[in-house]
Amino acid sequence: MNSTHEARVSDQFSLFAPAPVTDRLFFAIFPDPATAAVVTRHAERLRTAHQLSGRPLAAERFHVTLHHLGDHAGLRRDIVAMATQAAEAVSTPSFDVTFDRAASFHNGGNNPFVLQGGEGLEALRAFQRDLGLAMARAGGGRLVGKTFTPHVTMLYDRQLVAEQPLEPVTWRVGGFSLIHSLLGRTEHVPLARWSLR
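Residues numbered from 1 in each chain as written. Predicted model: local features only at pLDDT ≥ 70, side-chain atom pairs only at ≥ 80, totals over all residues. Heavy atoms only, no water.

Visitor: Got a minute to help me understand the nonpolar core in this structure?
Guide: Across soluble globular proteins, you tend to see nonpolar side chains buried next to one another. With 47 residues, the main nonpolar core has Phe-27, Leu-66, Leu-69, Leu-124, Trp-171 and Phe-176 as its most contacted residues. For this core, the element with the most residues is helix H3 (residues 77-89), which contributes six residues. In contact with Leu-66, not counting residues within four places along its chain, are Phe-27, Ala-28, Ile-29, Leu-124, Phe-127, Gln-128, Leu-131, Phe-148 and Phe-176. (Core = buried A, V, L, I, M, F, W, Y, C linked by side-chain atoms within 4.5 Å. Buried < 20%, exposed > 50% of the residue type's maximum accessible area, 1.4 Å probe, protein only. Helix = DSSP H or I, 4+ residues; strand = E, 2+ residues; numbered from the N terminus. Contact = heavy atoms within 4.5 Å.)

Visitor: Would you explain the sheet that holds strand S2 (residues 64-72) in this entry?
Guide: Across a sheet, paired strands are connected by hydrogen bonds in the backbone, their directions being either parallel or antiparallel. Taken together, four strands build an open sheet; the order of strands is S2-S1-S7-S8 and the sheet is antiparallel. Both outer strands of the open sheet, S2 and strand S8 (187-195), are each paired with one neighbouring strand and no more. In this sheet, neighbouring strand axes are inclined to one another by 20° on average, regardless of whether the strands run parallel or antiparallel. Of the strands in this sheet, strand S1 (23-29), S2 and strand S7 (175-182) touch helix H4 (residues 122-137), which is tilted by about 35° from S2. (Pairing = 2+ DSSP bridges. Axes fitted to C-alpha atoms, helices over the stretch in contact; angles between N-to-C directions.)

Visitor: When you look at the sheet that holds strand S3 (residues 95-104) in this model, what are you seeing that I'm missing?
Guide: Across the sheet, four strands lie side by side as S5-S4-S3-S6; this open sheet has antiparallel pairing. Sheet topology places strand S5 (152-157) and strand S6 (164-173) at the edges, where each strand pairs with a single neighbour. Neighbour to neighbour, the strand axes of the sheet diverge by 30° on average, direction disregarded. Alignment of S3 against S6, held across seven bridges, turns out to be antiparallel. In the sheet register, Phe-99 faces S6, and the bridge partner there is Val-169. On the sheet, helix H2 (residues 33-49) packs against S3, strand S4 (111-116), S5 and S6 and is oriented at approximately 165° with respect to S6.

Visitor: Teacher, can you tell me more about the pattern of salt bridges here?
Guide: Two side chains of opposite charge can pair, provided their charged atoms sit close to one another. Per the counting criterion, the structure on display carries six salt bridges. We note a salt bridge from Asp-71 to Arg-24, for which the minimum N-O separation is 2.6 Å. Of this pair, Asp-71 sits in strand S2 while Arg-24 sits in strand S1; the two residues are 47 residues apart in sequence, bridging distant segments of the chain. Residue Asp-96 pairs with Arg-172 through a salt bridge whose shortest N-O separation is 3.1 Å. Taken together, the residues Asp-96 in strand S3 and Arg-172 in strand S6 connect sequence positions 76 residues apart. Exposure remark for Asp-96: the relative accessible area of 36% places this residue in the partly exposed category. (Salt bridge = Lys/Arg side-chain N within 4 Å of Asp/Glu carboxyl O.)

Visitor: Honestly, the packing of aromatic side chains in this entry has me stumped. Any pointers?
Guide: We describe a pair of aromatic rings using the distance from one ring centre to the other and the angle between the two ring planes. Using the criterion set out here, one finds six aromatic pairs in the structure. Between Phe-99 and Trp-171, the aromatic rings sit 5.7 Å apart at their centres with planes inclined by 20°, giving stacked as the arrangement. Residue Phe-99 is found in strand S3, and its partner Trp-171 is found in strand S6; the two are separated by 72 residues along the sequence. We note that Phe-99, like Trp-171, is buried. Ring centres 5.1 Å apart and planes at 65° place the aromatic pair Phe-127 and Phe-176 in the edge-to-face group. Taken as a pair, Phe-127 in helix H4 and Phe-176 in strand S7 lie far apart in primary sequence, 49 residues in all. Phe-176 sits in the buried class, given a relative accessible area of 2%. (Phe/Tyr/Trp six-rings, centres within 6.5 Å; stacked < 30°, edge-to-face > 60°.)

Geometry only, nothing functional implied.
Here's what the structure looks like:
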């Protein structure tokens, strides 16, 4: 087979190659700036205590992912429309969250070091479940995760750190957001925010 023919065959296959994944959508809650500063201090202290090399995330990036709406090639307007319909159907009063421990998740070398909690996250779990039900009613049931482990990622590191108690980090959740993440660019673009009663 000559090189010209090989090039034509290669071009034909490239027509059917999937477009690169560049965009992520997710629902999230964010701490207020004062609480984010507390999370930064915890991250820096624990990083030093455990001799971690990963750097803490920027304070404005600390968040809890409620529902991951997929990674896509471009911004999926149909999913944005479904998410908006679901979010507008949720009627929940504001609530407190409390994270009182830190631990690593094993992720094959780029391990998230996170805040976690127990009873102080029951209202958050209930809200995440209600939002998932609203997503299902809006046609997004396939995007509703079957499990939910609420956490705030502080940094990523190769080293794993065992779970340990932490001075509690508490804030009042007054709303939630739909976020468009530009993959590979560490950029989060808020598309919409909804307040809780």
